[in-house]
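Spelled out from the first residue to the last, the chains are:
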Amino acid sequence: MGQSPPLTPMSAAQRVEQALGYLEGRWKLVILFQLFGGKVLRFSELERAIPAISQKMLTQQLRQMEQDGMVRRIVYPEVPPRVEYCLTDWGQALCPTLDSLLTWAEGRDLAAKPSE
């Protein structure tokens, strides 16, 4: 495997924009946080954990995340069928980045508060 060419400000911005595109969608981050930590959840468990999401929207978001390689869908040949979802290694690797983003956002909140 060859090395990537050095990033320029423009190519770096494009790569980050592409990465953020994987997270676009109202519910993708919520789904990720439900699955972080190696959790394996059935579709119905995700539905209960995110009560404001419709079944159709949950299905769409999970399909997109599966196509992007963040989520793994596991179908068991049972009657009725059992379907479980978990993060791929690549999806789980996003956790520290989102933790850093949370810490970064908290820094803004602290900086915005007037000192006493």
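Placed above this text is the structure.
Please read all numbers here as calculations on a predicted model, not as lab measurements. (Residues numbered from 1 in each chain as written. Predicted model: local features only at pLDDT ≥ 70, side-chain atom pairs only at ≥ 80, totals over all residues. Heavy atoms only, no water.)

Undergrad: How do you make sense of the nonpolar core when you look at a structure like this?
TA: Grouped together as the largest cluster of nonpolar side chains are 22 residues, with contacts concentrated most on Ile31, Leu32, Leu35, Leu62, Val71 and Tyr85. Other than its neighbours up to four places away in sequence, Tyr85 contacts Leu35, Lys39, Val40, Leu41, Phe43, Leu46, Leu62, Val71, Arg72 and Arg73. (Core = buried A, V, L, I, M, F, W, Y, C linked by side-chain atoms within 4.5 Å. Buried < 20%, exposed > 50% of the residue type's maximum accessible area, 1.4 Å probe, protein only. Contact = heavy atoms within 4.5 Å.)

Undergrad: Help me understand the pairing of strand 3 (residues 82-87), please; the structure alone is not making it clear to me.
TA: For a regular strand, the rule is simple: side chains alternate between the two faces of the sheet. By the criterion of burial, strand 3 is predominantly enclosed, with six of the six residues buried. Taking every second residue as pointing to the same face, both faces of strand 3 are buried, with Arg82, Glu84 and Cys86 on one and Val83, Tyr85 and Leu87 on the other. Both strand 2 (residues 71-76) and strand 3 contribute to a ladder of six bridges, which runs antiparallel. By the bridge assignment, Ile74 is partnered in strand 3 with Glu84. In this antiparallel pair of consecutive strands, strand 2 and strand 3, the connection spans five residues. (Helix = DSSP H or I, 4+ residues; strand = E, 2+ residues; numbered from the N terminus. Pairing = 2+ DSSP bridges.)

Undergrad: How do you make sense of the packing of helix 2 (residues 28-35) against helix 4 (residues 55-67) when you look at a structure like this?
TA: If you want to describe how two helices pack, look at the angle between their axes and the distance between the axes. The geometry of helix 2 relative to helix 4 is characterised by a closest axis approach of 10 Å and an angle of 75° between their N-to-C directions. For the element pair helix 2 / helix 4, the angle class is roughly perpendicular. Side by side, helix 2 and helix 4 meet where Lys28, Ile31 and Leu32 of the first sit next to Leu58, Gln61, Leu62, Gln64 and Met65 of the second. For the contact of helix 2 with helix 4, a count of residues per class yields five nonpolar, two polar and one charged. (Axes fitted to C-alpha atoms, helices over the stretch in contact; angles between N-to-C directions. Parallel < 35°, antiparallel > 145°, perpendicular 65-115°, else oblique. Nonpolar A, V, L, I, M, F, W, Y, C, P; charged D, E, K, R; others polar.)

Undergrad: Which parts of the structure should I look at to understand the side chain of Glu84?
TA: By secondary structure assignment, the location of Glu84 is in strand 3. Under the relative-accessibility criterion, Glu84 is labelled buried at 12%. Separated by 3.1 Å, the side chains of Glu84 and Arg82 make a polar contact. The residues touching Glu84, leaving out its near neighbours within four places in the chain, are Val40, Leu41, Arg42, Arg72, Arg73, Ile74 and Tyr76. (Polar contact = N/O pair within 3.5 Å; in protein donor to acceptor, adjacent residues only side chain to side chain.)

Undergrad: Quick question: what am I supposed to make of the packing of aromatic side chains here?
TA: Aromatic rings considered in pairs are described by the distance between their centres and by the relative angle of their planes. Scanning the model with the defined rule gives three aromatic pairs in all. Summarising the aromatic geometry, the rings of Tyr22 and Trp90 are spaced 5.3 Å apart at their centres and angled 90° between planes, so their arrangement reads as edge-to-face. Pair noted here: Tyr22 is in the loop between helix 1 (9-21) and helix 2 and Trp90 is in helix 5 (residues 89-92), with a separation of 68 residues, a long-range link. Overall, Trp90 belongs to the partly exposed group, its relative accessible area being 47%. Plain terms: the ring middles of Phe33 and Phe36 are 5.2 Å apart, the flat faces sit at 90° to each other, and that makes the pair edge-to-face. Judged by its relative accessible area of 39%, Phe33 falls in the partly exposed class. The residue whose ring lies beneath Arg82 is Tyr76, and the NZ or CZ to ring-centre distance is 3.8 Å. (Phe/Tyr/Trp six-rings, centres within 6.5 Å; stacked < 30°, edge-to-face > 60°. Lys NZ or Arg CZ within 6 Å of the ring centre and 35° of its normal.)

Undergrad: In this structure, what is going on with a nonpolar patch on the surface? I would like to understand it.
TA: A surface patch of nonpolar side chains, amounting to about 250 Å² of accessible area, comprises Leu29, Phe33 and Leu102. Along the polypeptide, Leu29 turns up in helix 2. According to the relative accessible area criterion, Leu29 is partly exposed, its value standing at 35%. (Patch = residues over 30% accessible without salt bridge, like charges linked within 9 Å, V, L, I, M, F, W, Y side chains within 5 Å. Areas by Shrake-Rupley, 256 points an atom, 1.4 Å probe, with all protein chains shown as cover. Salt bridge = Lys/Arg side-chain N within 4 Å of Asp/Glu carboxyl O.)

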